[in-house]
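In case you want the letters, here they are:
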Amino acid sequence: MSYAQDSEGGTSIVFGDRKQDTDAPIDVTSAKLAVDENANTALFTGDVVVVQDTMTMYAPWVKVFYLEDQSGISHMHARDGVTLIQGEEAAEGEQADYDLVADVIVMTGDVLVTQKLSAIASDKMTIQLEDGTALMTGRVKSLLRTNSNNKKKDDGE
């Protein structure tokens, strides 16, 4: 896990194996869909899976907000337990807001990121999709595992 202390008081990490293609199409699968054309929204419920490029988000509830002219999506809000996976890394939190205009995802509520042998938890994580970096803020806790295979065992000789 690569991370550093940020000037804003958080911890910066690399999230995902490369930058996200935020112009890629978004595929949403769910048990139910309710569209509100007057509000320019669509509500997906029941085992929602959102896929864009190499990123996959799982949540029970996702609301999509369309641009005023309905030419695209402005943002998405997921709640009730969200899992975000990119490459071999995963993040979990209570909620996630994906701003497609700014190319930013903000996860809140007991955020936990797992990367290979390490894990980091915080109150909030802000992911910059253009460069694959994330800022962990709030109470930040890290679990750094050691590679026990590198230790030599005493064979008694």
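Just so it is clear, the model here is predicted, and its values are computed rather than measured.

Peer 1: How should the overall build of the protein be read in this particular structure?
Peer 2: Counting its secondary structure elements, the protein contains zero helices and 14 strands. Counting the 157 residues in the protein, one finds 35% classified as buried. Here the analysis covers contacts within the protein between residues at least 6 apart in sequence; of these, 40% occur between residues at least 24 apart. Carbon together with sulfur atoms contributes 47% to the accessible area of the protein, which is approximately 9,400 Å² in total.

Peer 1: Even after reading the chapter, I still don't get the environment of Asp 23, so can you show me in this structure?
Peer 2: With respect to the helices and strands, Asp 23 occurs in the loop between β2 (11-14) and β3 (26-29). Look at Asp 23 and you get exposed, because its relative accessible area is 72%. Note: C-alpha distance between Asp 23 and Asp 53 (30 residues apart in sequence) is 8.8 Å.

Peer 1: I'm lost on the nonpolar core in this one. Help?
Peer 2: Across soluble globular proteins, you tend to see nonpolar side chains buried next to one another. In this structure, Val 62, Leu 84, Ile 105, Met 107, Val 113, Met 125 and Ile 127 are the most contacted members of the largest nonpolar core, which totals 29 residues. Of all elements in the fold, only β5 (41-52), β6 (55-66), β7 (73-79), β8 (82-86), β10 (95-99), β11 (104-115), β12 (118-128) and β13 (133-137) reach the threshold of two or more residues within this core. Discounting chain neighbours no more than four positions away, the residues touching Val 62 are Ala 42, Leu 43, Phe 44, Val 48, Val 50, Met 76, His 77 and Ala 78.

Peer 1: What is the right way to look at the environment of Glu 68 in this model?
Peer 2: Locating Glu 68 in the fold gives a position in the loop between β6 and β7. For Glu 68, a relative accessible area of 80% translates into the label exposed. With 28 residues separating them in the primary sequence, Glu 68 and Asn 40 have C-alpha atoms 7.1 Å apart.

Peer 1: Explain the confidence of the model for the protein here, please?
Peer 2: Do not read the predicted coordinates in detail wherever pLDDT is low. Per-chain confidence: the protein averages 86 in pLDDT, with 85% of residues scoring 70 or above. At the low end of the mean pLDDT range in the protein sits strand β1 (residues 3-5), at 43; at the high end sits β10, at 98. A low-confidence stretch, residues 1-7 stays under pLDDT 50, and its non-local contacts, those more than four residues away or across chains, total 21 contacts.

Peer 1: Sorry, what's going on with the side chain of Gln 115 here?
Peer 2: The topology assignment puts Gln 115 in strand β11. A polar contact is formed between the side chain of Gln 115 and the side chain of Glu 89, at a distance of 2.9 Å.

Conventions adopted
- Residues numbered from 1 in each chain as written.
- Predicted model: local features only at pLDDT ≥ 70, side-chain atom pairs only at ≥ 80, totals over all residues.
- Heavy atoms only, no water.
- Helix = DSSP H or I, 4+ residues; strand = E, 2+ residues; numbered from the N terminus.
- Buried < 20%, exposed > 50% of the residue type's maximum accessible area, 1.4 Å probe, protein only.
- Contact = heavy atoms within 4.5 Å.
- Areas by Shrake-Rupley, 256 points an atom, 1.4 Å probe, with all protein chains shown as cover.
- Core = buried A, V, L, I, M, F, W, Y, C linked by side-chain atoms within 4.5 Å.
- pLDDT = per-residue confidence, 0-100.
- Polar contact = N/O pair within 3.5 Å; in protein donor to acceptor, adjacent residues only side chain to side chain.

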